[in-house]
Amino acid sequence: MKTLFRIVSAIILAQIAFFGVSAATQIVYQSLDQLGANASAVVVGKVAAVRSYWNEDHTKIFTETTVTVDESFKGQPGASVRVVQLGGTVDNVQVTAHGALQWKPEEEIVLFLEPAADGAFQVSGFSQGKFQVERDPRTGAAYVMRPALAGAEFVGTPDDKAAVEEVDRTPLQDFMAEALGDAAPARKN
């Protein structure tokens, strides 16, 4: 009985160790100007639809988010973009990718995008390339919310931890100028 208890305890400890390690997500930190330089498209838009589905082999679940593009600051992605990421829920089966983005219908966002398969995009820098937009209720001016980066371990973070840990609210044009430098167009739809 004592031997059985030790074997079961060892198996449980091994599972805890395995799942504890596998749950950590390491992401290479990218500054805003690095995100801008690496992205093939930078857009402002609203989440129009979110759906999760099985891949053809029925081995992985992906989530596809359709975003209606209101403004394009880099690239020519079209009137809407499809963003695909690993994880989601289908038929009561949930696959979780730690650090994966959450999407809300009608959410206004800035996306830094890189090409993925079948004409879809993926968010640059994993979760780093998605930012919420807030509108001033009185003026309608757009502000980009730069959240504290949490939920993942970042590799290569700047010495200034405040750049990663503080929430910031920046006017959209200033945000784009910082991200794209001289390449930031005035505004185009």
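Before any of the text, the structure's been laid out above.
Note that this is a predicted model, so its numbers are computed, not measured.

Trainee: Tell me about the packing of aromatic side chains, and please be specific about residues and values.
Mentor: Counted under the stated rule, the structure contains four aromatic pairs. Ring centres of Phe-112 and Phe-175 lie 6.1 Å apart, and the angle between their planes is 70°; this geometry places the pair in the edge-to-face category. Of this pair, Phe-112 sits in strand E7 (residues 108-115) while Phe-175 is found in helix H4 (residues 172-180), placing the two residues 63 residues apart along the sequence. By the burial criterion, Phe-112 is buried, and Phe-175 matches it. Ring geometry for Phe-131 and Phe-175: centres 5.0 Å apart, planes at 70°, overall edge-to-face. In this pair, Phe-131 is assigned in strand E9 (residues 130-135) and Phe-175 in helix H4, connecting sequence segments 44 residues apart. The aromatic ring of Trp-103 is capped on one face by Lys-130, whose charged end is 4.6 Å from the ring centroid. Seen from the ring of Tyr-143, Arg-169 lies directly overhead, with NZ or CZ sitting 3.9 Å from the centre.

Trainee: Which residues make up the pairing of strand E2 (residues 41-54), and what values go with them?
Mentor: Across six bridges, E2 lies against E7 in antiparallel orientation. The residue bridging Ala-41 from the neighbouring strand is Leu-113, located in E7. The turn linking E2 back onto strand E3 (residues 61-74) is made up of six residues, and His-58 within it adopts a positive phi angle of 60°.

Each value, and the rule that gives it
- Residues numbered from 1 in each chain as written.
- Predicted model: local features only at pLDDT ≥ 70, side-chain atom pairs only at ≥ 80, totals over all residues.
- Heavy atoms only, no water.
- Phe/Tyr/Trp six-rings, centres within 6.5 Å; stacked < 30°, edge-to-face > 60°.
- Helix = DSSP H or I, 4+ residues; strand = E, 2+ residues; numbered from the N terminus.
- Buried < 20%, exposed > 50% of the residue type's maximum accessible area, 1.4 Å probe, protein only.
- Lys NZ or Arg CZ within 6 Å of the ring centre and 35° of its normal.
- Pairing = 2+ DSSP bridges.

Coordinates in, geometry out; function isn't part of it.
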